[in-house]
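# Working through the structure, step by step
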Amino acid sequence: MLHKWLLGFCLVLIAGISMWAAALTQQQADSWRTQIKETLSVPDPLPPPAAEPHGSFEPEPGIVAERITYSTAYGQRVPAILYRPKSPRGKIPGIVVVNGHGGDKYIWYSFYAGVLYARAGAAVLTYDTLGEGERNIERKSFTRAHDATQSPDIARRLAGLMITDIMEGVSVLAARPEVDSHRIGAVAYSMGTFVLSLTGALDSRLAATVLGAGGSLDGPGGYWDQSHPMCQGIPYKSLSFLGDRAAVIYALRGEYGPTLTYNGLDDAIVKRDPRGPKIFFADLQHRTSELLGGSGHVFETGFEPDAGHRPWFVTKPAGLWLEQHLHFPNWTESSVRAMPVTHISEWAQANHVTIDKEYATEIREGGERALGEHVPALTRDQLSVFTPAQWEKQKNRMTYEAWLAAAQRSLGSTRVQTAPSRVTY
């Protein structure tokens with residue numbers, strides 16, 4: 001009996017020593033953050049956001065949508081819409097919306113989130129991803145233009161620019177007099193979850209992050225190594241110096257604040273692990289916890305049965321979680337629980353909102369039950385920062401092609417290899 005007790009005690013002691021030995025030190029955390037920034041060419045310090053107004057409109061009574069631009073890396077400007085309550089109640093929280101692959105400020109979930117969380121009393125920043133919307137050479141959306149250039153050096157800089165776009169968006173919100181700089185969060189969908197997971201690990205100002213339809217960072221040769229080379233695969237492979245990349249990224253984020261990952265159990269991205277999504281994420285939580293050594297925030301998870309790839313940050317579970325961490329002036333937990341939901345495919349059809357046919361299915365975005373109701377369908381003219389004539393004068397500070405030329409100059413190279421791609425997710 002004594003022998004068994006001693007054996008058990010030793011096993012517990014060894015486990016404790018193992019966890020202690022694996023715990024992330026502040027020196028190592030700071031070193032890894034520096035390496036990530038250097039690898040992906042994230043500017044440190046950030047350039048001033050230098051936000052400029054370009055008019056505004058009211059999507060519905062009580063909400064103002066400001067058309068703005070702000071600075072990012074390589075001298076680029078980011079066209080964006082900032083939704084806010086017309087009459088803020090004291091200091092309000094802020095949210096940055098990070099698009100999925102091909103998304104921009106025109107896509108349904110972007111303006112839906114803007115109106116929804118402005119109703120809650122928050123300032124919500126939505127913006128064009130590089131190569132989309134007003135950052136596209138033809139002002140088109142859902143082009144995935146950044147996929148065309150196949151270059152590891154450019155891919156790393158592209159990921160760094162996408163991270164910088166978010167961080168500068170945080171700076172824009174933090175500079176607003178009505179925004180509480182300690183209550184700024186960010187939400188992301190699909191590809192955006194990869195970019196936001198890295199941003200959350202680097203930016204201590206983010207009070208809360210939601211990763212919807214993704215966040216399933218895996219090991220060598222997995223989905224995130226193999227998909228979309230320019231914006232995901234090459235950048236993720238370049239972080240191999242982190243070792244257990246997924247756990248380290250989540251641990252770096254956990255030092256700064258909480259994160260929610262939310263996924264459909266039938267989402268092809270998170271079903272790739274043969275153990276299933278719940279066991280995959282539980283194992284990743286355990287490894288993250290070991291690195292954090294009992295301090296910080298281990299990311300939380302949520303799952304939706306019989307559902308696929310969707311922007312979960314506009315749903316009731318995400319709204320409840322954000323209310324818990326950002327404290328919306330116009331919402332309470334009980335009011336959110338009592339709110340109605342909108343079936344997105346029915347809303348889109350009734351309001352003539354376009355959803356790409358690959359995403360409009362019931363298992364995917366079309367089946368979303370989004371929080372709230374009667375969110376207005378906003379037009380492309382409303383959501384454009386510039387008129388066509390104004391855009392012509394500004395485009396060399398915004399488009400993918402202009403950025404690519406600047407990035408190549410920083411590399412001392414003008415060689416470009418193109419390989420058009422149309423890979424979904």
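Conventions adopted
Residues numbered from 1 in each chain as written. Predicted model: local features only at pLDDT ≥ 70, side-chain atom pairs only at ≥ 80, totals over all residues. Heavy atoms only, no water. Helix = DSSP H or I, 4+ residues; strand = E, 2+ residues; numbered from the N terminus. Rg over C-alpha atoms; globule rule 2.2 N^0.38 Å. Buried < 20%, exposed > 50% of the residue type's maximum accessible area, 1.4 Å probe, protein only. Areas by Shrake-Rupley, 256 points an atom, 1.4 Å probe, with all protein chains shown as cover. Lys, Arg positive; Asp, Glu negative; His and termini not counted. Charge placed at Lys NZ, Arg CZ, Asp CG, Glu CD. Expected span 1.5 Å × (residues − 1). 1 Å grid on protein atoms, 1.4 Å probe; cavity = no way out; pocket = protein on both sides within 12 Å on 5 of 7 lines; lining within 4 Å. Points joined across faces, edges and corners; volume = space filled by probe spheres on them. Nonpolar A, V, L, I, M, F, W, Y, C, P; charged D, E, K, R; others polar. pLDDT = per-residue confidence, 0-100. Contact = heavy atoms within 4.5 Å. Pairing = 2+ DSSP bridges. Right-handed = clockwise from strand over helix to strand, strands pointing away. Salt bridge = Lys/Arg side-chain N within 4 Å of Asp/Glu carboxyl O. Phe/Tyr/Trp six-rings, centres within 6.5 Å; stacked < 30°, edge-to-face > 60°. Lys NZ or Arg CZ within 6 Å of the ring centre and 35° of its normal.

### Section: the overall build of the chain
Check the secondary structure of the chain and you find 15 helices and eleven strands. In terms of overall dimensions, the chain is globule-like: its C-alpha atoms have a radius of gyration of 21 Å, near the 22 Å expected for 425 residues. Projected onto its principal axes, the C-alpha positions of the chain cover 85 × 55 × 40 Å. When each of the 425 residues of the chain is scored for burial, the buried share is 58%. Of the roughly 17000 Å² of accessible surface on the chain, 55% is carried by carbon and sulfur atoms. Counting 41 positive and 43 negative side-chain charges, the chain places the centres of these two groups 2 Å from one another.

### Notes on unusual backbone geometry
Across the junction of Asp44 and Pro45, the peptide omega takes the value 10°, indicating a cis bond. Residues other than glycine seldom take positive phi values, yet Ser190 does so here, at roughly 55°. Within the fold, Ser190 resides in the loop between strand S6 (179-189) and helix H5 (191-202). The phi dihedral of His228 falls on the positive side, at around 40°, and the residue is not glycine.

### Considering helix H8 (residues 245-256)
Since the α-helix turns once every 3.6 residues, residues separated by three or four places project in the same direction. If you check H8, its first and last C-alpha atoms are 17 Å apart, about what twelve residues at 1.5 Å a residue would give, namely 16 Å. A large share of H8 lies buried, amounting to ten of its twelve residues. Listing the buried residues of H8 in full gives Arg245, Ala246, Ala247, Val248, Ile249, Tyr250, Ala251, Leu252, Arg253 and Gly254.

### Re empty space enclosed by the protein
A complete count under the given rule lists three cavities of 30 Å³ or more for this structure. Considered as a void within the structure, the largest cavity measures approximately 60 Å³ in volume. Considering the residues around the largest cavity, the lining is formed by Val98, Asn99, Tyr127, Thr129, Met162, Asp165, Met191 and Val195. Contributing elements (two or more residues each) for the lining of the largest cavity: helix H4 (152-174) and H5. Classifying every residue of the lining of the largest cavity gives five nonpolar, two polar and one charged.

### Re the confidence of the model for the chain
Confidence along the chain averages 93 in pLDDT terms, with 92% of residues attaining 70 or more. Of all helices and strands in the chain, the one with the weakest mean pLDDT is helix H1 (residues 2-22) (39), whereas strand S5 (residues 123-127) scores best (99). Predicted confidence for residues 416-425 stays below pLDDT 50, and this span has 33 contacts to residues more than four positions away or in other chains.

### Let's talk about the pairing of strand S4 (residues 92-98)
By the criterion of burial, S4 is predominantly enclosed, with seven of the seven residues buried. Looking at chain direction, S4 and S6 are connected through six bridges and run parallel. Bridge assignment links Val97 to a residue of S6, and that residue is Val187. Where S4 lies against S5, four bridges are found, and the strand directions are parallel. Considered in S5, the bridge of Ile95 is made with Val124. Read from S4 through helix H3 (residues 108-119) to S5, the crossover connection turns out right-handed.

### Observations concerning the pattern of salt bridges
Taken as a whole, this structure holds 26 salt bridges when the rule is applied. In this structure, Arg287 engages Asp283 in a salt bridge whose closest nitrogen and oxygen atoms are separated by 2.8 Å. On the criterion of helical spacing, the pair formed by Arg287 and Asp283 is a turn pair, its members being four residues apart in helix H9 (residues 277-292). Its relative accessible area of 23% is what places Arg287 among the partly exposed residues. With a shortest N-O distance of 2.8 Å, Arg369 and Glu362 are connected by a salt bridge. The class of Arg369 is partly exposed, set by a relative accessible area of 40%.

### A few points about the packing of aromatic side chains
For the structure shown, the criterion picks out 21 aromatic pairs. Aromatic pair Tyr74 and Trp403: ring centres 5.8 Å apart, planes at 85°, arrangement edge-to-face. Residue Tyr74 is located in the loop between strand S2 (63-71) and strand S3 (77-85), and its partner Trp403 is located in helix H15 (residues 400-411); the two are separated by 329 residues in the primary sequence. Residue classification places Tyr74 among the partly exposed positions, given a relative accessible area of 26%. Joined through ring pairs, the aromatic side chains of Trp108, Tyr109, Phe111, Tyr112, Tyr189, Phe313 and Trp347 make up one cluster. Lying over the aromatic face of Tyr236, Arg245 brings its terminal NZ or CZ to 3.9 Å of the ring centre. In this structure, Arg364 is placed above the aromatic ring of Tyr359, and the distance from its NZ or CZ to the ring centre is 4.4 Å.

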